Amino acid sequence: MSRRAAAVVVGGGIGGLAAAIALARGGHGVTILERRIAPSEGAASEEGAGIQIGPNGTRLLVSLGVADVLAPLAASPRAVEVRDGLSGRHIVSLPLGAWIAARHGAPYWTAHRAHLHGALAATAAAMPGVEVVRGVTVTGLDAAGPQVAAVGAEGPRARGELVIAADGRGSRLRSDVAAGADLRFAGKTAARSVLPAAAVSSVAADVVGLWLAPAAHVVHYPVDAGRQIALVVVTSAREHSEAWGAPVAADVMMQGVARLARPVRDLVEAAGDRFRAWSLMDLGRPVPMARGRVALLGDAAHPILPFLAQGAVLAIEDAVVLAGLLHTNTGPVECVLGAYASARRERVEAVARAARRNGAAYHLGGALGAARNAAMALAGGERLMAAYDWLYGWRPPA
């Protein structure tokens, strides 16, 4: 395999763009096939979507040349403030800000997801060797020839020595690598919104707020350089919906948080009818991340539950690891992609397990919820954050 092997990336989201940038920096030619016709469609689809980027992610954004573009639009919250969702009682403060930046050599940012996507897109567009083809829905792959072809309704659309499937949690290409890997409902629904920080007086605007309650939790944090607040309400649910980003009426949202503390109710009320909801899904089991000359990346490989705020960051990690292996290995592409899958397996599984544990712990009630709160308060914020050194201190293999 040539170190400058041509790659086809299916999907122009966060993971696909990060992969294109990382590959192009190593001298590879990259064709991105994106189903959306215009970049503005991506921004519109991310309405109400905030994102948290731990030091393991911001460190990689620096290496990709993206951090300087995103920095003016990001926020750096000072702490995670954990509270009891019913009483509003403060449980513990987990340090972020200067503390976590000094500990891991990179900041903890919160941002609007569209701003992160825009920063990646602008960086990719400025790089030689990256071509973006829009309005293409890839339905399958043809690996019969010397190159792999990404196939759409009108036939082959691009060919390369490898294909990277970065087409999201509903990936059409996942089955080409991992047959029978079907999404399952995780028993929870999330509703998200973004509202002006000026409209918020019930909660601190410079922190990540985490409110824990029986069968529910609420998260809020600053985005758009602190000018807006991203809000996520997660509730347990028995049934799931196939819709992604379906609008939720204000009165329905208020009914859902009726038992929660007044500051949370005020926050949800201020958001009004700007909520969009989706059912939380995962694969329930690890799947192979590569087969032959095809690699899965990001949510196509591991749709992580959002209770560790690592989904997008894991996709960026995938991209950097894959590009690094392709650049430094001269063996057959199949062997390099197999090494990528092996390199990512343990990391991805560890993050997925931790996210599931958090999701269960956040929704405890009664005596178990009280015990959780007492244990967190006793441990203290610095000790709790230090327990995540394995997560935030991660660096790509040399």
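Provided above is the structure to which this section pertains.
Here the structure is a predicted model, which is why all the values come from computation and not from measurement.

Novice: What's the story with the sheet that holds strand S9 (residues 148-152) in this structure? I'm lost.
Specialist: In any sheet, the strands associate via hydrogen bonds between backbone groups, in a parallel or an antiparallel arrangement. If you walk across this open sheet you meet the three strands as S8-S9-S10, and the pairing is antiparallel. Of all the strands in the sheet, just strand S8 (138-142) and strand S10 (155-160) have a single pairing partner and so form its edges. Here the strands of the sheet are splayed against their neighbours by 30° on average, with no regard to which way each runs.

Novice: Even after reading the chapter, I still don't get the environment of Tyr 108, so can you show me in this structure?
Specialist: With respect to the helices and strands, the residue Tyr 108 is situated in the loop between helix H5 (97-104) and strand S6 (109-112). Owing to a relative accessible area of 4%, Tyr 108 belongs among the buried residues under this scheme. For the pair Tyr 108 and Gly 54, spaced 54 residues apart in the sequence, the C-alpha separation amounts to 4.6 Å. Ignoring anything within four residues of it in the chain, the contact list for Tyr 108 reads Gln 52, Ile 53, Gly 54, Pro 55, Ala 75, Ser 76, Pro 77, Leu 96, Ile 100, Ala 309 and Tyr 392. Looking at Tyr 108, its side chain comes within polar contact range of the side chain of Gln 52, at 2.6 Å.

Novice: It is not clear to me how the pattern of salt bridges should be interpreted in this structure. Could you clarify?
Specialist: For side chains of opposite charge, pairing can occur when their charged atoms come near one another. This structure, assessed with the given rule, holds twelve salt bridges. Ionic pairing is found between Arg 103 and Asp 389, a salt bridge with its closest N-O pair at 2.8 Å. On the criterion of sequence distance, the pair formed by Arg 103 in helix H5 and Asp 389 in helix H14 (residues 389-392) is long-range, its members being 286 residues apart. Arg 103 gets classed as partly exposed once you look at its relative accessible area, which sits at 41%. Asp 224 is the salt-bridge partner of Arg 227, the closest N and O atoms lying 3.0 Å from each other. Judged by its relative accessible area of 48%, Arg 227 falls in the partly exposed class. Among the residues examined, Asp 224 registers a relative accessible area of 13% and is labelled buried. Salt bridges linked by common partners bring Glu 317, Asp 318, Arg 344 and Arg 347 together as one network.

Novice: Sorry, what's going on with the packing of helix H3 (residues 55-63) against helix H10 (residues 311-328) here?
Specialist: The geometry of a pair of packed helices is captured by two quantities: the angle between their axes and the separation between those axes. Look at H3 against H10: their axes get within 9 Å of each other, and the N-to-C directions meet at 45°. Judged on the interaxial angle alone, H10 and H3 are oblique. When the axes of H3 and H10 are compared, the crossing they make is left-handed. Across the interface between the two elements, Asn 56, Gly 57, Leu 60 and Leu 61 from H3 touch Val 313, Ile 316, Glu 317 and Val 320 from H10.

Novice: Help me understand the nonpolar core, please; the structure alone is not making it clear to me.
Specialist: Judged by nonpolar contacts, the single largest core of 72 residues is most densely connected at Leu 61, Leu 70, Leu 120 and Leu 297. Take this core: its biggest share by element is eleven residues, from H10. If we skip the residues at most four places from it in the chain, Leu 120 touches Ile 14, Leu 17, Ala 18, Ile 21, Leu 61 and Val 66. If you look at the next biggest cluster of nonpolar residues, it comprises 36 residues, including Val 82, Ile 100, Ala 190 and Val 351.

Reading guide: rules and limits
- Residues numbered from 1 in each chain as written.
- Predicted model: local features only at pLDDT ≥ 70, side-chain atom pairs only at ≥ 80, totals over all residues.
- Heavy atoms only, no water.
- Pairing = 2+ DSSP bridges.
- Helix = DSSP H or I, 4+ residues; strand = E, 2+ residues; numbered from the N terminus.
- Axes fitted to C-alpha atoms, helices over the stretch in contact; angles between N-to-C directions.
- Buried < 20%, exposed > 50% of the residue type's maximum accessible area, 1.4 Å probe, protein only.
- Contact = heavy atoms within 4.5 Å.
- Polar contact = N/O pair within 3.5 Å; in protein donor to acceptor, adjacent residues only side chain to side chain.
- Salt bridge = Lys/Arg side-chain N within 4 Å of Asp/Glu carboxyl O.
- Parallel < 35°, antiparallel > 145°, perpendicular 65-115°, else oblique.
- Left-handed = near helix turned anticlockwise from the far one by under 90°.
- Core = buried A, V, L, I, M, F, W, Y, C linked by side-chain atoms within 4.5 Å.

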